[in-house]
Amino acid sequence: MSEDLPRKAVVLVSGGMDSAVTIAIAREQGYRVHALSVAYGQRHQSELAASDRVAAMLGAVEHKTVAIDLRSIGGSALTADIAVPLDGADRSDIPVTYVPARNTIMLSIALGWAEVLGSSDIWCGVNAVDYSGYPDCRPAFIEAFEALANVATKAGVEGAGIRVHAPLMRMSKADIAREGQRLGVDFSATVSCYRADGEGRACGHCDACRLRAQGFRDAGMTDPTRYA
């Protein structure tokens, strides 16, 4: 690829505030964003509509949604008939809203698409500061996946190699909100709630809602979330 042409990046987009800010950062750094969402059977389907809005709003050159069926294995409050804990009720180290292997699967799909596109860069919005304690949101996971990508693919073995970017990893939710504000992200287009209704309105009580609301409070910003 010529040095004066924009680099291609595959950016995982969930429709939430973190992935929106991740797209904005990638765009600011000069990447042509190929946005990727995964319909994995999540109960909060309205996040997929939010992904469409966010990708278009932030200038992705295309947005692809890949469907897989994680409900067939279940094991999570987001993919099985298990209640989503409310108001901090789940005090376990890894809460029941953790979806087994979700980020591994999503990054693997992103890796495949990146190879097809001729991209060396995958971006995701994982965060290990204000988060729910998921094991696949930690630096060790991203480092391990990047190492895997570089031994498991033609691009890694014969090409320029694969890099996995996680720019929000060490940022608080307040920092993420401020960064989004700086970059002009319209957070009203995003959906974070695990129990969002068909119109994307939030419950205000699940862990995702609580972390988001606290982040906006700590940042001294108005939270544009619509509640049911």
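If you're wondering where the values come from, they're calculated on a predicted model, not measured in any experiment.

Colleague: I keep staring at the overall build of the protein and nothing clicks. Help me out?
Modeller: Of regular secondary structure, the protein possesses 7 helices and 5 strands. When the helices and strands of the protein are placed in sequence order, the string is β-α-β-α-β-α-β-α-α-β-α-α. Here the C-alpha radius of gyration of the protein, 17 Å, is about what a compact globule of 228 residues would show, namely 17 Å. Along the first, second and third principal axes, the C-alpha set of the protein runs to 50 × 40 × 30 Å. When the 228 residues of the protein are sorted by exposure, 50% land in the buried category. For the protein, the proportion of contacts with a sequence separation of at least 24, taken over those separated by at least 6, is 71%. Considering the protein, the positive charge centre built from 23 side chains and the negative charge centre built from 27 side chains are found 2 Å apart.

Colleague: Whenever I open this one, the side chain of Thr22 confuses me. Can you help?
Modeller: Following the sequence through the fold, Thr22 ends up in helix α1 (residues 17–28). Here Thr22 is in contact with Val11, Trp123, Cys124, Gly125, Pro167 and Leu168, once residues within four sequence places are set aside.

Colleague: How should the packing of α1 against helix α6 (residues 173–183) be read in this particular structure?
Modeller: Relative placement of two packed helices is described by the angle separating their axes and the distance separating the axes. It is at 10 Å that the axes of α1 and α6 come closest, and there the two elements cross at 50 degrees. Here α1 lies oblique to α6, going by the angle between them. Note that α1 runs across α6; the crossing there is left-handed. Packed against α1, whose contacting residues are Met17, Asp18, Val21, Ala24, Ile25 and Glu28, the element α6 presents Lys173, Ile176, Ala177, Glu179, Gly180, Arg182 and Leu183 at the interface.

Colleague: What should I look at first to understand the environment of Ser108 in this one?
Modeller: Residue position: Ser108 is located in helix α3 (residues 102–117). In the structure, Ser108 is positioned 57 residues away from His165 in sequence and 14 Å away in space, judged by C-alpha atoms. Polar contacts involving the side chain of Ser108 include one to the main-chain carbonyl oxygen of Thr104, which spans 2.7 Å.

Colleague: Please explain the state of the cysteines as it appears in this structure.
Modeller: Here a disulfide denotes a covalent bond joining the sulfur atom of one cysteine to the sulfur atom of another. Within this structure, the stated rule accounts for 0 disulfides. Cys124 forms no disulfide, and the closest cysteine sulfur to it belongs to Cys137, at a distance of 8.4 Å.

Colleague: Looking at this structure, how should I read helix α7 (residues 207–219)?
Modeller: One turn of an α-helix holds 3.6 residues; hence residues three or four places apart share an orientation. Along its 13 residues, α7 runs 18 Å from first to last C-alpha, staying within 8% of the 18 Å computed at 1.5 Å per residue. Its buried side turned inward, α7 meets α1 and α6. Taken from the residues just after α7, Gly220 is the one with a positive phi, measuring 70 degrees.

Colleague: I keep staring at the environment of Phe145 and nothing clicks. Help me out?
Modeller: With respect to the secondary-structure elements, Phe145 resides in helix α4 (residues 139–152). The buried category is assigned to Phe145, whose relative accessible area is 3%. Taking the C-alpha atoms as reference points, Phe145 and Ala77, 68 residues apart in sequence, are found 25 Å from one another.

Colleague: Would you mind showing me how to read unusual backbone geometry here?
Modeller: Leaving glycine out, the prevailing phi sign among residues is negative, and the prevailing peptide bond configuration is trans. One non-glycine residue, Ala101, adopts positive backbone phi at about 65 degrees. Mapping Ala101 onto the fold places it in the loop between β3 (62–67) and α3. Its relative accessible area of 34% is what places Ala101 among the partly exposed residues.

Colleague: Would you take a moment to explain the packing of α3 against α4 for this structure?
Modeller: Two elements in contact, α3 and α4, have axes separated by 11 Å at closest approach and are oriented at 35 degrees. The crossing of α3 and α4 is right-handed. Contact residues: α3 offers Asn103, Thr104, Leu107, Ser108 and Leu111, while α4 offers Phe141, Ile142, Phe145 and Ala149. Residues of the contact of α3 with α4, tallied by class, amount to 6 nonpolar, 3 polar and no charged.

Colleague: It is not clear to me how the side chain of Thr190 should be interpreted in this structure. Could you clarify?
Modeller: Note that Thr190 resides in the loop between α6 and α7. At 2.9 Å, the side chain of Thr190 and the side chain of Arg212 are in polar contact.

Colleague: Just to check I follow, could you spell out the pattern of salt bridges for this structure?
Modeller: Opposite charge on two side chains permits pairing when their charged atoms draw close. Evaluation of the coordinates by the stated rule reveals 9 salt bridges. Here the salt bridges share partners, and the residues they tie into one network are Glu28, Glu179 and Arg182.

Colleague: Could you clarify how one ought to interpret the nonpolar core in this entry?
Modeller: For soluble globular proteins, the rule of thumb is that nonpolar side chains tend to be buried together. Grouped together as the largest cluster of nonpolar side chains are 40 residues, with contacts concentrated most on Leu107, Cys124, Ile142 and Cys206. Among the elements of the structure, β1 (7–12), β2 (31–39), α3, α4 and α7 are those that each provide at least two residues to this core. For this core, the element with the highest residue contribution is α3, accounting for 7 residues. Leave out the neighbours within four places in its chain, and Leu107 touches Leu12, Ile122, Cys124, Phe141, Ile142, Phe145 and Val164. Ranked by size, the runner-up nonpolar core spans 28 residues in total, among them Val33, Ala35, Ala174 and Ile176.

Conventions used here
Residues numbered from 1 in each chain as written. Predicted model: local features only at pLDDT ≥ 70, side-chain atom pairs only at ≥ 80, totals over all residues. Heavy atoms only, no water. Helix = DSSP H or I, 4+ residues; strand = E, 2+ residues; numbered from the N terminus. Rg over C-alpha atoms; globule rule 2.2 N^0.38 Å. Buried < 20%, exposed > 50% of the residue type's maximum accessible area, 1.4 Å probe, protein only. Contact = heavy atoms within 4.5 Å. Lys, Arg positive; Asp, Glu negative; His and termini not counted. Charge placed at Lys NZ, Arg CZ, Asp CG, Glu CD. Axes fitted to C-alpha atoms, helices over the stretch in contact; angles between N-to-C directions. Parallel < 35°, antiparallel > 145°, perpendicular 65-115°, else oblique. Left-handed = near helix turned anticlockwise from the far one by under 90°. Polar contact = N/O pair within 3.5 Å; in protein donor to acceptor, adjacent residues only side chain to side chain. Disulfide = S-S within 2.5 Å. Expected span 1.5 Å × (residues − 1). Nonpolar A, V, L, I, M, F, W, Y, C, P; charged D, E, K, R; others polar. Salt bridge = Lys/Arg side-chain N within 4 Å of Asp/Glu carboxyl O. Core = buried A, V, L, I, M, F, W, Y, C linked by side-chain atoms within 4.5 Å.

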